[in-house]
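Listed below, chain by chain, are the residues.
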Amino acid sequence: MASHLAPIPVNPPSLPAPSGYSHGTLSGNTLYLGGQTALDADMRIVEGGIVEQFRQAFGNVLTTLREAGGVPEDLVSITIYLTDIPDYQAHGREIGAVWRELAGPVYPAMAGIGTTGLWQPEALIEILGVAVIPDERLSRPAS
């Protein structure tokens, strides 16, 4: 069992450098995954609509998860904020296929929440989550 350590920021070098936030925060074996929009490495929201934005945003979440030694099966909760719920629902099959491609067939507890806007005006989606990573895979980044 992991001892109670001070929370450690998890900021993968392949994601845009955070300013005023962390991509994730590790506390014991629990990784709190900060909200990810569809920002690419150049700090731009990807084009192509909700499916491509889902792919990028969820990929960013998984990048942070992997940085701490986690795998998609370690996800216990995902919250998806959407600026257009009907658009997301209309593309549900495609989004489900992207999920299975990136994370496999296991789904954690989830919530989808409609919102009037996100941090970047062109963002259609923001995803945050929580994962519990077993000791044998846990990788604590240097704080």
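About the thresholds
Residues numbered from 1 in each chain as written. Predicted model: local features only at pLDDT ≥ 70, side-chain atom pairs only at ≥ 80, totals over all residues. Heavy atoms only, no water. Helix = DSSP H or I, 4+ residues; strand = E, 2+ residues; numbered from the N terminus. Rg over C-alpha atoms; globule rule 2.2 N^0.38 Å. Buried < 20%, exposed > 50% of the residue type's maximum accessible area, 1.4 Å probe, protein only. Contact = heavy atoms within 4.5 Å. Areas by Shrake-Rupley, 256 points an atom, 1.4 Å probe, with all protein chains shown as cover. Lys, Arg positive; Asp, Glu negative; His and termini not counted. Charge placed at Lys NZ, Arg CZ, Asp CG, Glu CD. Salt bridge = Lys/Arg side-chain N within 4 Å of Asp/Glu carboxyl O. Polar contact = N/O pair within 3.5 Å; in protein donor to acceptor, adjacent residues only side chain to side chain. Phe/Tyr/Trp six-rings, centres within 6.5 Å; stacked < 30°, edge-to-face > 60°.

Caption draft 1: Looking closely at the overall build of the protein chain. From N to C terminus, the protein chain includes 3 helices and 6 strands. Secondary structure elements in the protein chain, listed N-terminal to C-terminal, are β-β-β-α-β-α-α-β-β. In terms of overall dimensions, the protein chain is globule-like: its C-alpha atoms have a radius of gyration of 15 Å, near the 15 Å expected for 143 residues. Looking at the protein chain residue by residue over its 143 residues, the buried ones come to 43%. Look at the contacts in the protein chain between residues 6 or more apart in sequence, and 73% of them connect residues 24 or more apart. In the form shown here, the protein chain has an accessible surface area of approximately 7500 Å², with 54% of it arising from carbon and sulfur atoms. Positive and negative charge centroids in the protein chain, built from 7 and 15 side chains respectively, lie 6 Å apart.

Caption draft 2: Representation of the pattern of salt bridges. Counted under the stated rule, the structure contains 4 salt bridges. A salt bridge links Arg55 to Glu52; its shortest N-O distance comes to 3.7 Å. In this pair, Arg55 and Glu52 are both assigned in helix 1 (residues 50-67), 3 residues apart and thus about one turn of the helix distant. Look at Arg55 and you get partly exposed, because its relative accessible area is 26%. The exposure class assigned to Glu52 is partly exposed, which follows from its relative accessible area of 33%. One salt bridge in this structure joins Arg137 and Asp74, with 2.5 Å as the shortest N-O distance. Of this pair, Arg137 sits in the segment after strand 6 (125-132) while Asp74 is found in the loop between helix 1 and strand 4 (75-82), placing the two residues 63 residues apart along the sequence. When its relative accessible area of 7% is taken as the criterion, Asp74 is described as buried. Taken together, the shared-partner salt bridges connect Glu52, Arg55 and Glu101 into one network.

Caption draft 3: The arrangement of the side chain of Asn29 in detail. Looking at the secondary structure, you find Asn29 in the loop between strand 2 (24-27) and strand 3 (30-36). On the basis of relative accessibility, which here comes to 14%, the residue Asn29 falls in the buried class. Within the structure, the side chain of Asn29 is placed 3.0 Å from the side chain of Asp135, a separation counted as a polar contact.

Caption draft 4: Geometry of the packing of aromatic side chains. The final tally for this structure, using the stated rule, is 3 aromatic pairs. Between Phe54 and Phe58, the aromatic rings sit 5.5 Å apart at their centres with planes inclined by 25°, giving stacked as the arrangement. Taken as a pair, Phe54 and Phe58 lie in helix 1 at a separation of 4 residues, close to a single helical turn. Look at Phe58 and you get buried, because its relative accessible area is 0%. With a centroid separation of 5.3 Å and 20° between ring planes, the pair formed by Trp99 and Tyr107 is classed as stacked. Since its relative accessible area comes to 3%, Trp99 is described here as buried. Here Tyr107 falls in the partly exposed class, since its relative accessible area comes to 41%. Taken together, the ring pairs in this structure connect Phe54, Phe58, Trp99 and Tyr107 into an aromatic cluster.

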